[in-house]
Amino acid sequence: MMKKRRKQIWLLLGLCLFSGFVFGCGKKDAAADYMERGMEALAAGDLAGAKEAFAGAGEQAPEDFRVQRALGIVSYKEGDYPQAVSYFSKALSVLGEDGEAVAREDILRYKADAETAWGKSADAEDAAANYADAVSDYGQLIALDNENAEYYLLRGRAFLELDDVDGAISDFRTALSASADNLDYCEDIYLGLKEHGAARAGMEFLEVIRQAGAGEADGSRYGRACLELAHVQMEQEQYGEALSVIQEALSSAEEPARKELLYAEAASYEYLLDFETALEKFRAYRDAYGSDETLEHEIAFLVTRTEFSESRDLEVDPGEAEVTEPAEVEIEVTTEPAA
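Source: prediction; values computed, not measured.

Draft legend 1. The overall build of the protein, seen in detail. Looking only at helices and strands, the protein has 16 helices and zero strands in total. In the protein, of all internal contacts separated by at least 6 residues, the share reaching a separation of at least 24 is 54%.

Draft legend 2. Highlighting the confidence of the model for the protein. The predicted model of the protein has a mean per-residue pLDDT of 86, with 82% of residues at 70 or higher. Within the model, the stretch residues 316-326 combines pLDDT values under 50 with 15 contacts to residues more than four positions away or in other chains.

Draft legend 3. Region of interest: unusual backbone geometry. A cis amide bond links E255 with the next residue in sequence, P256, at an omega value of 5°. Mapped onto the secondary structure, P256 falls in the loop between α13 (239-250) and α14 (257-271). Despite not being glycine, D218 has its phi angle at roughly 75°, a positive value. With respect to the element layout, D218 can be found in the loop between α11 (203-217) and α12 (219-235).

Draft legend 4. Fine view of the packing of aromatic side chains. Considering all chains together, one arrives at nine aromatic pairs under this definition. Plain terms: the ring middles of F88 and Y110 are 5.5 Å apart, the flat faces sit at 20° to each other, and that makes the pair stacked. Here the residue F88 occupies a position in helix α5 (residues 81-95), and Y110 occupies one in helix α6 (residues 101-121), the gap between them amounting to 22 residues. Residue F88 shares its accessibility class with Y110, and that shared class is buried. Between Y263 and Y285, the ring centres sit 5.3 Å apart and the planes meet at 75°, which makes this aromatic pair edge-to-face. Taken as a pair, Y263 in helix α14 and Y285 in helix α15 (residues 275-289) lie far apart in primary sequence, 22 residues in all. What makes Y263 buried here is its relative accessible area of 14%. Owing to a relative accessible area of 12%, Y285 belongs among the buried residues under this scheme. Here the aromatic residues Y76, Y81, F88 and Y110 are joined through ring pairs into a cluster of three or more.

Draft legend 5. Seen up close, the environment of A242. With respect to the helices, strands and loops of the structure, A242 is situated in helix α13. Taking the C-alpha atoms as reference points, A242 and E265, separated by 23 residues in sequence, lie 8.4 Å from one another. When sequence neighbours within four positions are dropped, the list of residues in contact with A242 reads A230, Q233 and M234.

Draft legend 6. Examining α5 more closely. Between its first and last C-alpha atoms α5 spans 21 Å; for 15 residues at 1.5 Å apiece the expected length is 21 Å, and the two agree. For α5, every residue scored as buried is listed here: A84, V85, F88, A91, L92 and L95. Viewed end-on, α5 has its buried residues packed into an arc of 125°, placing them on one side of the element. Buried-residue contacts for α5 involve α4 (65-78) and α6. Just downstream of α5, G96 is the residue with a positive phi angle, here 80°.

Draft legend 7. Looking closely at the packing of α11 against α12. Packing of α11 against α12 leaves a shortest axis separation of 8 Å and a crossing angle of 145°. Crossing hand, α11 versus α12: left-handed. Here M203, L206, E207, I209, R210, G213, A214 and A217 of α11 lie close against α12, whose contacting residues are G219, R221, Y222, A225, C226, E228, L229, V232 and Q233. For the contact of α11 with α12, the class distribution of residues is 10 nonpolar, three polar and four charged.

Draft legend 8. The arrangement of the pattern of salt bridges in detail. All chains considered together, the criterion is met by 18 salt bridges. Ionic pairing is found between E115 and K111, a salt bridge with its closest N-O pair at 2.8 Å. Residue E115 and its partner K111 are located together in helix α6, separated by four residues, close to a single helical turn. As a salt-bridge pair, E204 and R173 come within 2.8 Å of each other at their nearest N and O atoms. Remark: R173 occurs in helix α9 (residues 165-178) and E204 occurs in helix α11; sequence separation between them is 31 residues. Within the structure, one salt-bridge network assembled from shared partners comprises R109, D113 and E150.

Draft legend 9. Inspection of the environment of A84 at higher detail. Structurally, A84 can be placed in helix α5. Considering only alpha carbons, one finds A84 and I73, 11 residues apart in sequence, at a separation of 6.7 Å. Those residues in contact with A84, other than ones at most four positions away along the chain, are G72, S75, Y76 and A114.

Analysis parameters
- Residues numbered from 1 in each chain as written.
- Predicted model: local features only at pLDDT ≥ 70, side-chain atom pairs only at ≥ 80, totals over all residues.
- Heavy atoms only, no water.
- Helix = DSSP H or I, 4+ residues; strand = E, 2+ residues; numbered from the N terminus.
- Contact = heavy atoms within 4.5 Å.
- pLDDT = per-residue confidence, 0-100.
- Phe/Tyr/Trp six-rings, centres within 6.5 Å; stacked < 30°, edge-to-face > 60°.
- Buried < 20%, exposed > 50% of the residue type's maximum accessible area, 1.4 Å probe, protein only.
- Expected span 1.5 Å × (residues − 1).
- Arc of directions from axis to C-beta.
- Axes fitted to C-alpha atoms, helices over the stretch in contact; angles between N-to-C directions.
- Left-handed = near helix turned anticlockwise from the far one by under 90°.
- Nonpolar A, V, L, I, M, F, W, Y, C, P; charged D, E, K, R; others polar.
- Salt bridge = Lys/Arg side-chain N within 4 Å of Asp/Glu carboxyl O.

Okay, here's the thing in structure tokens:
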């Protein structure tokens, strides 16, 4: 959707560009020729050719915002984010506060995206300044279109980079309420919060997917969301709640999340001290997916625990039972959402 929107605005501004250039004469006509060549080169992926052509247009019409915008796009695509921000800033300055609204929104979006990308590649001090600039620019975009869910989502991500989890969550909630396709956002929002050490705060977004169910959310995404939700619950020692989520998900989750859910189910029973059921589940998992050293250690430990329990029931000296320490049971989510 975003790429389609960008293409539409590019074509619209291209029409605006020619309406501004071709009816002039001299330098205006020359600038239009350079811009046409630059747009053709950019469409063909020839960044060097586009840059040369747009630079030629800049020599002919240095104060035209469309030229500065075009140069900014090339710099952005080249990964030269500081230069891109400079060009977009100049384009906005030339355009002015009373300039074309669609052009201002488009340039602001490019500038904010370039600031975010610059922040990811800069040192920590510069990164904070760049993310703060991005937050400001996304705020201006929201002022221009306060029903655009994507702007809230992007500003929320910038807030996260500034470690402002509360600001991020506020924007994420607004993005969900403003979007009809909010399930597309929920998983990305949670993963972003998790990356910044706020997985627990992201549980509400996993719950949105869980409540939607496998039918609406699709089995793969639904399974991943339930697995992540159970993982967070287990970290909080809420093993019963985690087990309920896991068993609910297993009724419709798809692979590869289903495999990890089955392992998590067995681990949940172990944490709940139901060693017999845990052993049964781990053995069933081994039968279905094969074994490894960690799994065999788990099974061996559970065998000793169940034998110990049986011997105690028969009033056998517990000291005669061989008991080993359990392996550290880790439930790590390795599945990634589809691109």
